[in-house]
Structures are given as C-alpha cells and as structure tokens.
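A look at the structure
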Amino acid sequence: MCGMTVDPATAKHHTEHAGHSYFFCSARCREEFTAEPARYVVSSGDRRGLVTAPVGEVLWTCPMHPQIVRKEPGNCPICGMALEPMTPAAGEAENPELRDMTRRFWVGVALSLPLLAIAMAEHFNKPALDALISPRLLVWVQLILGTPAVLWCGWPFFQRGWASIISRRLNMFTLIALGTGVAYAYSLIAALAPGIFPASFRDVDGQVPLYFEAAAVIVTLVLLGQVLELRARSQTSSAIRALLDLAPKRARRLREDGSDEDVPLEDVVPGDRLRVRPGEKVPVDGVVLEGRSAVDESMITGEPVPAEKNPGDKVTGATVNTTGSFVMRAERVGSDTLLAQIVAMVAEAQRSRAPIQKLVDTISAWFVPSVVVIALATFVVWSIFGPAPATGFALVNAVAVLIIACPCALGLATPMSIMVGTGRGAHAGVLVKNAEALELMEKIDTLVVDKTGTLTEGKPRLAGVTAIGGVEQDELLQLAASLERGSEHPLAAAIVSGAEARGVKVSPATDFVTVPGKGVTGLVDSRRVVVGNTALLASLGIEPGDLPARADALRREGQGVMLVAIDGQAAGLLAVADPIKESAIGALQALRDERIRVVMLTGDSRTTAAAVGRRLGIDDVVAEVLPDQKASTVKKFQDEHRFVAMAGDGINDAPALAQAQVGIAMGTGADVAMESAAVTLIKGDLQGIVRARRLSRATMRNIRQNLFFAFIFNALAVPIAAGVLYPALGLLLNPMIASAAMSMSSVLVVTNALRLRTARL
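The present account deals with the structure reproduced in this document. Small disclaimer: the values here were computed from a predicted structure and weren't measured. (Residues numbered from 1 in each chain as written. Predicted model: local features only at pLDDT ≥ 70, side-chain atom pairs only at ≥ 80, totals over all residues. Heavy atoms only, no water.)

**What about the sheet that holds strand β10 (residues 84-85)?**
Paired through backbone hydrogen bonds, the strands of a sheet run either parallel or antiparallel to each other. Taken together, three strands build an open sheet; the order of strands is β9-β8-β10 and the sheet is antiparallel. Every other strand in the sheet has two partners, leaving β9 (69-70) and β10 as the edge strands with one partner each. (Pairing = 2+ DSSP bridges. Helix = DSSP H or I, 4+ residues; strand = E, 2+ residues; numbered from the N terminus.)

**With respect to the side chain of D450**
By the secondary structure assignment, D450 is in strand β21 (residues 446-450). Given the relative accessible area of 5%, D450 is considered buried. A polar contact is formed between the side chain of D450 and the side chain of K630, at a distance of 2.9 Å. In contact with D450, not counting residues within four places along its chain, are L455, L601, K630, M646, A647, G648, D649 and D653. (Buried < 20%, exposed > 50% of the residue type's maximum accessible area, 1.4 Å probe, protein only. Polar contact = N/O pair within 3.5 Å; in protein donor to acceptor, adjacent residues only side chain to side chain. Contact = heavy atoms within 4.5 Å.)

**A few points about the environment of I664**
Relative to the helices and strands, I664 resides in strand β31 (residues 662-666). It is 9.3 Å that separates the C-alpha atoms of I664 and V449, two residues lying 215 residues apart in sequence.

**Thoughts on the nonpolar core**
With 70 residues, the main nonpolar core has I664 and I689 as its most contacted residues. The element best represented in this core is helix α24 (residues 687-722), accounting for nine residues. Residue contacts for I689: discarding those within four places in its chain leaves M441, L447, L591, A647, I664 and L681. Formed by 59 residues, the second largest nonpolar core is a distinct cluster that contains L111, L115, C153 and A722. (Core = buried A, V, L, I, M, F, W, Y, C linked by side-chain atoms within 4.5 Å.)

**Here we look at the packing of helix α5 (residues 172-192) against helix α11 (residues 390-404)**
At a closest axis distance of 8 Å, the pairing of α5 and α11 adopts a crossing angle of 155 degrees. By the angle between their directions, the pair α5 and α11 is classed as roughly antiparallel. Crossing geometry of α5 relative to α11 is assigned as left-handed. Packed against α5, whose contacting residues are L175, I176, L178, G179, T180, V182, A183 and Y186, the element α11 presents L395, V399, L402 and I403 at the interface. Of the residues in the contact of α5 with α11, the class split is 10 nonpolar, two polar and no charged. (Axes fitted to C-alpha atoms, helices over the stretch in contact; angles between N-to-C directions. Parallel < 35°, antiparallel > 145°, perpendicular 65-115°, else oblique. Left-handed = near helix turned anticlockwise from the far one by under 90°. Nonpolar A, V, L, I, M, F, W, Y, C, P; charged D, E, K, R; others polar.)

**Remarks on the side chain of D578**
Tracing the sequence through the fold places D578 in the loop between β27 (569-577) and α19 (584-593). K451 provides the closest opposite charge to the buried, unpaired D578, separated from it by 4.7 Å. Separated by 2.5 Å, the side chains of D578 and T456 make a polar contact. Apart from residues lying up to four places away in sequence, D578 is in contact with T452, G453, T456, E457, G458, K459 and P460. (Lys, Arg positive; Asp, Glu negative; His and termini not counted. Salt bridge = Lys/Arg side-chain N within 4 Å of Asp/Glu carboxyl O.)

**Digging into helix α26 (residues 735-754)**
Its 20 residues place the ends of α26 29 Å apart at the C-alpha level, agreeing with the 28 Å of an ideal helix rising 1.5 Å per residue. Counting buried positions along α26 yields 14 of 20 residues, so the element is predominantly enclosed. (Expected span 1.5 Å × (residues − 1).)

**Looking at the packing of helix α3 (residues 135-152) against helix α4 (residues 155-166)**
With their axes 5 Å apart at the nearest point, α3 and α4 run at an angle of 50 degrees to one another. As the angle between them shows, α3 and α4 are arranged oblique. Judged by residue contacts, V150, L151 and W152 of α3 engage W155, P156 and F158 from α4. By residue class, the composition of the contact of α3 with α4 is six nonpolar, no polar and no charged.

**Notes on the packing of aromatic side chains**
Taken as a whole and judged by the stated rule, the model has six aromatic pairs. Centroid distance Y184 to F212: 5.8 Å. Interplanar angle 65 degrees. Geometry classified as edge-to-face. Of this pair, Y184 sits in helix α5 while F212 sits in helix α6 (residues 212-235), and the two are 28 residues apart along the sequence. Here the two residues Y184 and F212 agree in accessibility, since each one is buried. Through a chain of ring-to-ring contacts, the aromatic side chains of W382, F393 and Y726 assemble into a single cluster. Above the plane of the ring of F173 lies R160, whose end atom (NZ or CZ) is 4.9 Å from the centre. (Phe/Tyr/Trp six-rings, centres within 6.5 Å; stacked < 30°, edge-to-face > 60°. Lys NZ or Arg CZ within 6 Å of the ring centre and 35° of its normal.)

Written out as structure tokens, the structure is:
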C-alpha cells in the first residue's frame, strides 16, 4: 500500500506459521501478505489493487508517478506515459515502446508528406492543382492518406486519451486525442457530407476546408517527440546500467584438490575460495586469504591509485585486480554485495519524489481541465468575432490550444533531474537514499560532525613511547603490549599493533586483572606491570613523578595517554593517537567557505576534543557527549532554527542521523548508521559532503530551470495559440507548429536534465 519493500528483517512484523515465513510491511500497513518477499503497492489508487512480485522479478513503474507499479510493461494510468523497469538491466536493453513509436513515426512521415504537399499546392497554386486533378478526387486522396496517418499512427494517443477520460485523470494525451480527433472528425464529415455545413464554415470559394494534413502532421510530430523523448529518457538510467555492467559474469572457484573451475557468478556462495588473477575483476565481496596484489577500487572510492591488498584485507566485488594473483574467501554474494546495494539504493532514490514535486502535482491536476476550458472559450470567441470562415478559424485555433499545451514537460521537470542527479552522485561516491535529501542538502547551514571515524580514521595508532628510570623504550613497550594483549580496549589493540610493527616480541601475561575505568595489571616475565591512568597508580601507591604533567601535554595535542609502572616504579607512558583523515582539513574549509557552521560532536574528553578541533580549525566543539545525548544535541540546534546535517559512522550516531534534516553516513562505518542516514559516502571521506552539497545545488538548479521553462512555455504558448496576437499583429499559430513546439518542450526538459551527467562535483 505504501510502496515499501517488505521482508522478514523487521522481527516485530514477522511470524512463522505452518512452516512458512510471512512477510509484513515494516512501515505502516501492518498487513500479512505472502510467504514470499515482495514489493506491495497500490496499482492505481485502489487499495484492493495490490501488485506483488517475488524478489528478482522485474517490476515496471512510471518515472513521473513512481507509486504506479506493474508486473508487465504498459502505460501509466495517471499520465499515460510508458512504464519503465524499476531497475534497468545491464547492457542496452531494447525498448519495445521506442520500437513501436519509431515504426509509427516513419509510416506517419510517409503519409503526411503527400498531404502537406497537397495543402501547400492548394494554398499557393490552386488553379494548377484543379487542372491536374479534380477537387472531388483530391478530397478522397486526402481522406485515404489521412485516415491511417491519424487513426493507426496515432492510435496509442487515442487509447491513452480515452483511458485518461475513463479514469478522470486528464493528461497530455487527453489534449492530443481531443485536438487531432476533432480535426480529423470534422474533416471526415466535411469530406463525406459537405452540404450539411452552413456558410460560416465555408471559405470565399464556398468550399468547406479540410484539415487532414494538420491532424496527420500533428500526430507525426508528436510521434517524433515521443521517439526523441524515449531515447533521451533511456539515458537517464545509464548510471545504473554502468554500475551493473561493472559486475563480472563468472568466477574462478577452487576445488578441494586445489584445482580451479570456472563457474557462473550466481553459483558462488559465501565461504567459497576464489582465485583472482591479474587483470580480472574481483567476483564478490570477501577477504584475501593468500597472495598480495594492488586492486583498483576507483569505482567505489574514486581514488585512481590502486590499494595494496594483503592476507586479511577486504576486497570488493567488481573492483579490478591489477598486478598480483590472490585467493579470496567469498563473504557477500548476490544482492548482499556492495555493488548490488549501491544499485538498489540508486534505483530507489530515482523513484522517490522531491517535496517540490508536490507543487507540480497540484498545478498539473488543474492544468489539463484549464486548457480544455481555454480551448472551448477560444472556439466560442472566434466563432462570434472571427473573420470568415469564422467557425473554421475557431476550430483551428481551439485545436492549436489543445495541442501546444504540454503538461508532460511540467511533469518530467523534477523526476528526470532526480534520476540523472542520483546516478551522477553514485559515480562520485555519494549515494542518495531519496529525492528529499537531495533537495534539502542545499539548504543546510549547520553540519554536526562526529569525531571518531568521521573526522579521524577511527583506527588508533601508537604515536609515541616515553621511558624513564633507566627502562629502555623497547622493554617498556614489550611489557605493556604483552599485558594489553588481554584487554579488549581499542587503545590496547593500538599498543599491541604498534609493538608488532616495531618488531617487539609479545610475551604471555598471567594474573591479568582489569580495573574498570582505570586500567589493567598483571605479570609479564615474572615482572609486575601496571598500565592505566594516574588514579590506578595512586590506588596502588605508586608515585608517578612528572608523568601526569607529560601526559597532560600530550592530551592537549589530541593524544590518548596511558601510564606504565614496572615492579612498583613509574616507568614511562604510551601515547596513542587517532590520525585525522587527510581530506578533512580541505573539506571543512570548503564547507566554511559556503558559510556552513561546522560543529564537532564527540564522547571524548574536552582536552582531546579541543586539540582535534584546533588542528581542524573547528571552533564549535561539543565533547563528553553520551550516545543518547547526540540526538538531543542535534535537536537543540534545530530549536535554534538551524537546518542541520549530521555526519557519523557508528551505531551510537544512528539516532542523531535520524534526527537531523539530512543524515550523512560514512560508507566505512556501521550498517545501522547507513540505514539511518539519507546520504551515504561510499569512501567515508568528508570531501563527499562537499560533493553531496554541490550535487544538491546542481540538481535543484536543473529542476528550477526545467520548471521555469515549462511554466513560461505554457504561459506564452497557450495565449498565442488562442489568437491573442491576431488583433494587433494578425498572427495565428498553425496547429502543426504548435505540435512541433509541444513535442520539443518535453525533449528539451529531458535533455536539460541529462546535462547533470557531466556536472562538476
């Protein structure tokens, strides 16, 4: 009913019954549907018309009205446009709608050209034409050529126009069907029974004018517009197709005896061992087991320099192995891979609707009825005040009004830009979950940034070792690392890794004791070792000497410090630092240049937070914040009428990400953070925030251009078609020219949206 995907992941809406899993909508519908995961949506506003499809089956939707979903291709019941696959397939798939419209267009050209030639000959040299062919035979020629040109070539427009009337959802095809239908029906009656028309319908020669050529050329030009528009619209999904084309088709799996076998990618399961040779694409997400290489991850990170991969390092499917060969273990396959998740997120974002679309929907609902009223008024006014033949002028101008009005351009203005913009963002490493986030991002005036994992790498490293009292640095590090190996604290892992990197051998520890909030103690090589803070040393009666003063100095530089005592004597200290991301300083400066207030939010001590803030040029630092207080901090800024974006990467950031107007998750962080955020930066790089803001500005500027053009076009074209310039300038708009202008207006909107593919981010 709401269009959301239903799955069993939301436990409170999932039950087991009679051996089957039943799936529920996790949003608001709360109804039991089926034993298969599927997407449930209202097909045409009828709450009973649910469309279901098993995962993997292609569903079709309307780009202008994403709430319309079908199992098979067809036309949108609201706007009449051809439905498109919800997720395009890899490669250039043939578009049956484009093939059909192209065939009808060329037939229309073949039939319309002779009709146009006859009309021009009648206008410029009628006596010569009458001498060549009798007027009555000429009427039959026009009837024979015009009937298939209008009825067969334009049949899709009449079908869609009739459907719009039946459903009471008037659209572009309502106007086309009315305009061409009236012109053709009038001409048909005039050809078969000209005697029934009064004098007001006849020209100076007493003949009833025929408009077969106008109706046929209008249909042909609209078909041309449809062909150009369908071709252009197919390019809006090029971003997703490009991502799908990145995935390899096969993988090289290792058998138990060590030999290789070439298998389709869909046969790979988690746990399989796969061999990746130089020049090959990594088949799925996994971890390196054997070998070393450099992998080009530019499709994920945007970095042109290949990343070194060693045993234990993670690799991502569809990235390219450049130099060495390695064996990997498959961990995520199919729809669980990062590439599949990116494709799904981009496809979902392209189908979402921006808030600005609500204004367009409101205007569109009144647009077509208003045009019909204007056309009727035009007919009445020209019938009363127009020159002879007054009714003929009235008919031509009313048809011109119906044809030139283009609600399609208005309706396409927003969704086309959203589709292209989200695809452009995906290629730049910026995944936008919905169109609303893309619209709101340009309004941000305050950015709240988590420190660990967002401004910093989130991987503490051993920064320095200070030994006193005759103890050597390596000895101090060896004893401290041996003891810390039993600790689960992240700083302990940094000490152990630092010792191993320096070639210091780590020994087993005994009598290990953790003192909560203070540190650890134990025996290493028969020596009593203490690693912790000043309070721990004081509780054990150990005099720290000048170590606290040295520790405070290091903390003011943003480092975490642990004091070390050996056999009851102060022996030194260890400094651990979380390196600041290389891109952070430049990215923050770029944001400040755009007058965005940057606030650092962290649970670290005020001293450490202030030190990091100084290095990054951040004046607003909120430190010692508990996880449950982060969301309230964001709300405090919102209460000050600030438009807030929150950037974070951890589970503890999820509530704040959801609270902010725009939540931005680092792609290197926790999955729950990415689920709570509206924007995900694949690389986890703060430059991605700058790119996201530029993308938002470019997309919204493009939407405004499209809407401006669509509004101005209709505001000017409809009155001109109605004949408001005729009294002053004697200017009328031929319905055929109106048809060409209407078709081109839609094409121009789509073409303008396609410019976003090259937007500089």
